[in-house]
Amino acid sequence: MSSWRKYTFGVLVGLAIAVVAPAQAKELPAPIGKAIITLSGVLENTNQGNLGVVDWDLVQQLGMHELNTTTAFDKGMQKFRGVLVRDVLKYFGIKASTIRAIALDDYAIDIPVEDFYKYDVLIAFELNGKRLRVRDKGPAWIVYPRDAHKGLQDKMFDDRWVWQLIRVETK
Ligand SMILES: Nc1nc2c(c(=O)[nH]1)N[C@H]1C(S)=C(S)[C@@H](COP(=O)(O)O)O[C@H]1N2
Ligand SMILES: [Mo]
C-alpha cells in the first residue's frame, strides 16, 4: 500500500473502532456521605472501586420524584418521594436485563429491568414528608405506581416492593 493509502486505511479503522467500541468506563465523583445503596456487577461507571454507591448527595443530584399511591401494606394513599430506578441505572451505566435487589433482612429478589422503563418505579427515601428509617421500611424502599397500572396490583409485583433495600447486584 502507498503511504497515503495506509494513512487512509488507518483513519478508517480508527473511525470504525470509535463508532463500534462501547463508551469508556467513567470514574464518577466519589460519594461524600454515608452509603445508602451499593450497586455491584456490570457497571460502566463507578464511584468507589468497582462499585456504585448512592448517598444522599447523589439522590439530590438525580432529583426526587413524587408518587402518590395506595400500597398493599397499609390503608389509604401514601406519598412517597425518591429517585426513579432507571435514573440510577443510567447514572452508573447499567445495561443488565435483571437486577437482584437485596434488603437488610437478607430478603432478595430478581427484578426484570424492563419494569423500570415501562413504569416510573421509585427507590423511595421519604414517606408522607418524612425520611424512611429502618424501623419504617427504610432507608430505601422500591415502590411501584400500582394505582396507575392495574396490572401492577398483583402478588408478583408486591414481591418486588423491597423495603430496607441496601444492595443491588447486576449481571
Ligand atoms: N426487605 C423485605 N422486603 C420485602 C419482603 C421482605 O420479607 N423483606 N417481603 C416481600 C413480599 S414476599 C411481599 S408479598 C411484600 C409484602 O410483604 P408482607 O406481606 O410481609 O408485608 O413485600 C416484599 N418486600
Ligand atoms: Mo410475597
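For clarity, every value in this text was computed on a predicted model and none was experimentally measured.

Calculation notes
Residues numbered from 1 in each chain as written. Chains lettered and ligands numbered in written order. Predicted model: local features only at pLDDT ≥ 70, side-chain atom pairs only at ≥ 80, totals over all residues. Heavy atoms only, no water. Helix = DSSP H or I, 4+ residues; strand = E, 2+ residues; numbered from the N terminus. Contact = heavy atoms within 4.5 Å. Near = heavy atom within 4 Å. Polar contact = N/O pair within 3.5 Å; in protein donor to acceptor, adjacent residues only side chain to side chain. Areas by Shrake-Rupley, 256 points an atom, 1.4 Å probe, with all protein chains shown as cover. Pairing = 2+ DSSP bridges. Axes fitted to C-alpha atoms, helices over the stretch in contact; angles between N-to-C directions. Phe/Tyr/Trp six-rings, centres within 6.5 Å; stacked < 30°, edge-to-face > 60°. Buried < 20%, exposed > 50% of the residue type's maximum accessible area, 1.4 Å probe, protein only. Lys NZ or Arg CZ within 6 Å of the ring centre and 35° of its normal.

Participant: Go over the side chain of Gln 164, please, and point to the residues and values.
Facilitator: The residue Gln 164 is located in the loop between α5 (155–158) and β12 (165–170) in this model. Setting aside residues no more than four positions away along its own chain, Gln 164 makes contact with Ile 102, Ala 103, Leu 104, Asp 105, Val 134, Lys 137, Gly 138, Pro 139 and Ala 140.

Participant: Quick one: what's the story with the site of ligand 1, residue by residue and with numbers?
Facilitator: In the neighbourhood of ligand 1, the contacting residues comprise Phe 73, Ala 103, Asp 105, Tyr 107, Asp 158, Asp 159, Trp 161, Val 162 and Trp 163. Note that a nitrogen atom of ligand 1 is positioned 2.8 Å from one of the side-chain N or O atoms of Asp 105. Trp 161 places a polar main-chain atom, nitrogen or oxygen, 3.1 Å from a nitrogen atom of ligand 1. Bound to the protein, ligand 1 loses 65% of the 510 Å² it would expose on its own.

Participant: Tell me about the sheet that holds β12, and please be specific about residues and values.
Facilitator: Hydrogen bonds between backbone atoms are what pair the strands of a sheet, whose relative direction is either parallel or antiparallel. One open sheet holds the five strands; their spatial order is β4-β2-β12-β7-β8, and the pairing between them is mixed. The sheet is open, and its two borders are formed by β4 (52–54) and β8 (108–112), each paired with just one other strand. Averaged over all adjacent pairs, the angle separating strand axes in this sheet is 20°, with direction ignored. When strand β7 (residues 98–103) meets β12, the two strands line up antiparallel, connected through five bridges. Bridge assignment links Arg 100 to a residue of β12, and that residue is Glu 169.

Participant: Break down the packing of aromatic side chains for me, with residues and values.
Facilitator: Scanning the entire structure with this criterion turns up 10 aromatic pairs. Aromatic pair Trp 141 and Trp 161: ring centres 6.4 Å apart, planes at 70°, arrangement edge-to-face. Of this pair, Trp 141 sits in strand β11 (residues 141–143) while Trp 161 sits in the loop between α5 and β12, placing them 20 residues apart in sequence. A relative accessible area of 4% means that Trp 141 is categorised as buried. An aromatic cluster is defined as three or more aromatic residues linked by ring pairs; in this entry it consists of Phe 73, Phe 80, Trp 141, Trp 161 and Trp 163. The ring of Trp 56 carries Arg 131 above its face, with NZ or CZ at 3.6 Å from the centroid.

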